[in-house]
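So you can see what is in the structure, the chains are spelled out below.
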Amino acid sequence: MLSIDPESLSERENYKFLIGSIIPRPIAFVTSISKDGVLNGAPFSYFNIVSSNPPLISLSIQRSGGRQKDTARNIIESKEFVVHIVDEQNVEKINKTAANLPPNESEIDLANLTPVESVRISVPGVKEAKIRMECLLEHSLELGGLDTTGCDLIIGKVVQFHIESDIYQNGRIDPRGLAAVSRLAGINYAKIGEIFDLDRPK
């Protein structure tokens, strides 16, 4: 087995090692609004649950050359955002939103996604997602090395859930009905595969 010191690798090599190892990763499609009123949308796979009481989720939004991305800046300024689960039906449209657009252009328009009003916050979601979560900013942290900030870690509190009724029964979500897709490395994605059960030890 190889043993590698991450400090001996470049940032790109560390990136490739991490995204190739930590798989599959859930994908959050995040909508946010700029101070000029532009609806921004972008996918992120550094995304997970932090807590269920209160319901908190995390996004790590990587910087490029120390430069903050539009989504992070919008969330930190407005304190609001919407997280959507990426699924087999919307993944191709969501992939289009990963394009590098200037801050005054909307990825929602580019991908022909349909904005839908939120209940508790001012940021719209998109209709094409089977699950969306309205969030308020709980915490934001700048993380990185001594010379540059590598990412903005966003912790959001979910204040409203939205889910298609036919995939939600008795408080449980049908994973096959949701058909979430996950991120691997490079241009690779994965669907829900074989599902198996294991009893938890008592």
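These numbers were taken from a predicted model, which means no experiment stands behind them.

A.B. asks: How would you sum up the environment of Pro103? Please name residues and give values.
C.D. replies: Looking at where Pro103 falls in the secondary structure, it is placed in the loop between helix 3 (91-96) and helix 4 (107-110). Leave out the neighbours within four places in its chain, and Pro103 touches Val38, Asp70 and Arg73.

A.B. asks: So what about the nonpolar core? Which residues, and what values?
C.D. replies: Nonpolar side chains in soluble globular proteins tend to be buried together. Core analysis: the largest hydrophobic core is formed by 22 residues, its most contacted members being Val30, Leu59, Phe81 and Val83. Of all elements in the fold, only strand 2 (28-33), strand 3 (39-44), strand 5 (55-62), helix 2 (70-78), strand 6 (80-85), strand 9 (131-144) and strand 10 (149-163) reach the threshold of two or more residues within this core. In terms of residue count, the dominant contributor to this core is strand 9 (4 residues). Phe29, Val91, Ile108 and Val181 belong to the second largest nonpolar core, which has 15 residues in total.

A.B. asks: I'd love a proper account of the packing of aromatic side chains, names of residues and values included.
C.D. replies: For the coordinates displayed, the defined rule picks out 0 aromatic pairs. A cation sits over an aromatic face here: Arg183 above Tyr189, 4.8 Å from the ring centre.

A.B. asks: How would you summarise the side chain of Lys130 if you had to cite specific residues and measurements?
C.D. replies: Mapped onto the fold, Lys130 is located in the loop between strand 8 (125-126) and strand 9. No salt bridge is formed by the buried Lys130. Its closest oppositely charged neighbour is Asp87, at 4.7 Å. Looking at Lys130, its side chain comes within polar contact range of the main-chain oxygen of Gly177, at 2.7 Å. Non-local contacts of Lys130, meaning those with residues more than four positions away in its chain, are made with Asp87, Gln89, His162, Ile163, Glu164, Ile167, Gly177, Leu178 and Ala179.

A.B. asks: Describe the sheet that holds strand 13 (residues 182-183), with residues and values.
C.D. replies: Pairing is antiparallel in the open sheet, where 3 strands are placed in the order 1-13-14. Lying at the two open borders of the sheet, with one neighbouring strand each, are strand 1 (25-26) and strand 14 (189-190). Both strand 1 and strand 13 contribute to a ladder of 2 bridges, which runs antiparallel. Looking at strand 13, one finds that Pro26 is bridged to Ser182.

What counts, and where the lines are drawn
Sequence positions are assigned chain by chain, starting from 1 and proceeding in written order. Predicted model: local features are reported for residues with pLDDT of at least 70 only, side-chain atom pairs are reported and counted for 80 or more only, and whole-chain, interface and lining totals are derived from all residues. Computation of side-chain values: all heavy atoms of the structure, hydrogens and water removed. Runs of E in the DSSP output that reach at least two residues are strands. Runs of H or I that reach at least four are helices, and both are numbered from the N terminus. Only heavy atoms matter for contacts: two residues are in contact if any of them lie within 4.5 Å across the pair. Among the buried residues, those of types Ala, Val, Leu, Ile, Met, Phe, Trp, Tyr and Cys that are joined through side-chain atoms within 4.5 Å form a nonpolar core. Remark: exposure states derive from per-residue accessible area (1.4 Å probe, protein chains only) relative to the maximum for the residue type, with buried under 20%, exposed over 50%, and partly exposed in between. Aromatic pairing here means that ring centres of Phe, Tyr or Trp (its six-membered ring) are within 6.5 Å. Orientation follows from the plane angle: under 30 degrees is stacked, over 60 is edge-to-face, and everything else is tilted. Either the NZ atom of lysine or the CZ atom of arginine qualifies as a charge over a ring when it sits within 6 Å of the ring centre and within 35 degrees of the ring normal. Positive residues here are Lys and Arg, negative ones are Asp and Glu, while His and the chain termini are left out of the count. For this analysis, a salt bridge means a side-chain nitrogen from Lys or Arg found within 4 Å of a carboxyl oxygen belonging to Asp or Glu. Within 3.5 Å is the distance limit for a polar contact, defined as a pair of N or O atoms, with the added protein rule that one can donate a hydrogen and the other accept it, and that residues adjacent in sequence qualify only through two side-chain atoms. At least two bridges found by DSSP between two strands is the condition for calling them paired.

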